[in-house]
Amino acid sequence: MHLSSSTPFEHGDPKMRMVTFVGCLMLAFADVGEMIQPRNPGWTGSLLVVPMDGSHWTGVKAVAEEMGRRGHKVMVVIPEVSVLLGPGKHYTTRTFPVPYGQQQLDELQARNAEVMESKQQPLLEKISTRISNMRKFVDLQRATAESLLLNQELVDFLRKQNFDAVLTSPAVPTGAILAYNLSLPAVYMLRGLPCGLDSMATACPNPPSYVPRFFTHNSDRMSFRQRVLNVLVSILEPLLCKLIYWSTEDVASRFLQRDVSVVEILRSGALWLLRYDFILEFPKPLMPNMVLVGGINCAMKRPLTKKKKGCTVLKKT
């Protein structure tokens, strides 16, 4: 994004400031990297990161590190006990206490590994097993959310930092709730949300006759029987959402001191960074503030040596 000396940003226009900041955020995904720089290199933004523990942290950390490397102020808020979360080279961390220990996290990781390694199960059994594990995960996340959001000293500290935006994973909407309370634009990074919550929050078309539902293994070309199953699953999705997020809504309502739903919280998101593309995924409708950033969570490959770059191996057919 290019800034001229006469942009409204220099006069404190909050909308222009947000547009500029999101533009710089998107540069973190650009292949040209160092070749693109703002005309005003003295401007830096301030980003608050509220990550979700586990594999979600891989992509979020890459963005946090890149934003910090480009000179922006990046602060990551994490619990004192976690699986993968931790300090980085180009961002600062702020920790908060939680009522659980490392042993509980390790047990949850072991249960999830058993589910992933299990053989093919019938649809209903698979859904039942995953919901059971999800409930245990939700209880842990509720404890984390309460420890952060109900920590008035920490929330007041974050409010005084005057951040420009919040980067978070909406799968566990603790960061989204915090951004809503601080009146900050939220940037979501996600692979997908259960029960079509992302579609509801963005008012994105999500027809069950076309878009395959979770657990069904359907493609985007379904037979009549598959479409019927897809419709039945879509009917059950609101109930699934209620089971997963009722505790989160309870914490959010106590924190905001009024009744609020997860959909209302997520609806305020400014930008949705989707960690997939339509090469391996079935195409589906997207909204203008949804950006495909597939591959951001992949491991960085080592570059070829000069010797290997200049060598071409031909194979006879």
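Residues numbered from 1 in each chain as written. Predicted model: local features only at pLDDT ≥ 70, side-chain atom pairs only at ≥ 80, totals over all residues. Heavy atoms only, no water.

The next subject is unusual backbone geometry. If a residue is not glycine, its phi is most likely negative; likewise, a peptide bond is most likely trans. Even without glycine at this site, Asn162 takes up a positive phi of about 55°. Among the structural elements, Asn162 can be located in the loop between helix 5 (152-160) and strand 4 (165-168). Classification of Asn162 as exposed rests on a relative accessible area of 57%. Positive phi values are uncommon outside glycine, yet Ala203 reaches one of about 55°. Within the secondary structure, Ala203 sits in the loop between helix 7 (197-202) and helix 8 (224-256). (Helix = DSSP H or I, 4+ residues; strand = E, 2+ residues; numbered from the N terminus. Buried < 20%, exposed > 50% of the residue type's maximum accessible area, 1.4 Å probe, protein only.)

This part is about the pattern of salt bridges. Using the criterion set out here, one finds 8 salt bridges in the structure. As a salt-bridge pair, Arg70 and Glu66 come within 2.8 Å of each other at their nearest N and O atoms. Glu66 gets classed as buried once you look at its relative accessible area, which sits at 17%. Of the charged contacts, one joins Arg254 and Asp250 as a salt bridge, the two residues approaching to 3.5 Å between their closest N and O atoms. In this pair, Arg254 and Asp250 are both assigned in helix 8, 4 residues apart and thus about one turn of the helix distant. Using a relative accessible area of 29% as the deciding quantity, one classes Asp250 as partly exposed. (Salt bridge = Lys/Arg side-chain N within 4 Å of Asp/Glu carboxyl O.)

Moving on to the packing of helix 5 against helix 6 (residues 174-182). Packing of helix 5 against helix 6 brings their axes to within 11 Å, and their N-to-C directions diverge by 60°. For the element pair helix 5 / helix 6, the angle class is oblique. By crossing handedness, the relation of helix 5 to helix 6 is classed as right-handed. Every residue of helix 6 that contacts helix 5 at Val155, Leu158 and Arg159 is listed here: Leu178, Asn181 and Leu182. (Axes fitted to C-alpha atoms, helices over the stretch in contact; angles between N-to-C directions. Parallel < 35°, antiparallel > 145°, perpendicular 65-115°, else oblique. Left-handed = near helix turned anticlockwise from the far one by under 90°. Contact = heavy atoms within 4.5 Å.)

Among the surface-exposed residues, Phe224, Val228, Val231, Leu232 and Ile235 lie close enough to one another that they form a single nonpolar patch of about 490 Å² accessible area. By the element assignment, Leu232 lies in helix 8. (Patch = residues over 30% accessible without salt bridge, like charges linked within 9 Å, V, L, I, M, F, W, Y side chains within 5 Å. Areas by Shrake-Rupley, 256 points an atom, 1.4 Å probe, with all protein chains shown as cover.)

On to helix 5. Listed as buried for helix 5 are Leu154, Val155 and Leu158. Buried residues along helix 5 cover an arc of 100° about the axis, so they all sit on one side. Turned more than 90 degrees off the buried face of helix 5, the exposed positions are Glu153 and Lys160. Trailing helix 5 by a residue or two, Asn162 shows a phi angle of about 55°, which is positive. (Arc of directions from axis to C-beta.)

Turning to the packing of helix 6 against helix 8, a few remarks are in order. At their nearest, the axes of helix 6 and helix 8 sit 11 Å apart, and the two run at 20° to each other. Between helix 6 and helix 8, the interaxial angle falls into the category roughly parallel. Handedness of the helix 6/helix 8 crossing: right-handed. Residues Ile177, Leu178, Tyr180 and Asn181 of helix 6 lie in contact with helix 8, whose contacting residues are Thr248, Ala252, Phe255 and Leu256. Counted by class, the contact of helix 6 with helix 8 contains 6 nonpolar, 2 polar and no charged residues. (Nonpolar A, V, L, I, M, F, W, Y, C, P; charged D, E, K, R; others polar.)

Note that predicted coordinates carrying low pLDDT should not be read in detail. Per-residue pLDDT for the protein chain averages 78, and the proportion of residues at 70 or more is 75%. In this model, residues 30-39 is a region of pLDDT below 50 whose contacts with residues beyond four sequence positions or in other chains number 11 contacts. In this model, residues 311-317 is a region of pLDDT below 50 whose contacts with residues beyond four sequence positions or in other chains number 0 contacts. (pLDDT = per-residue confidence, 0-100.)

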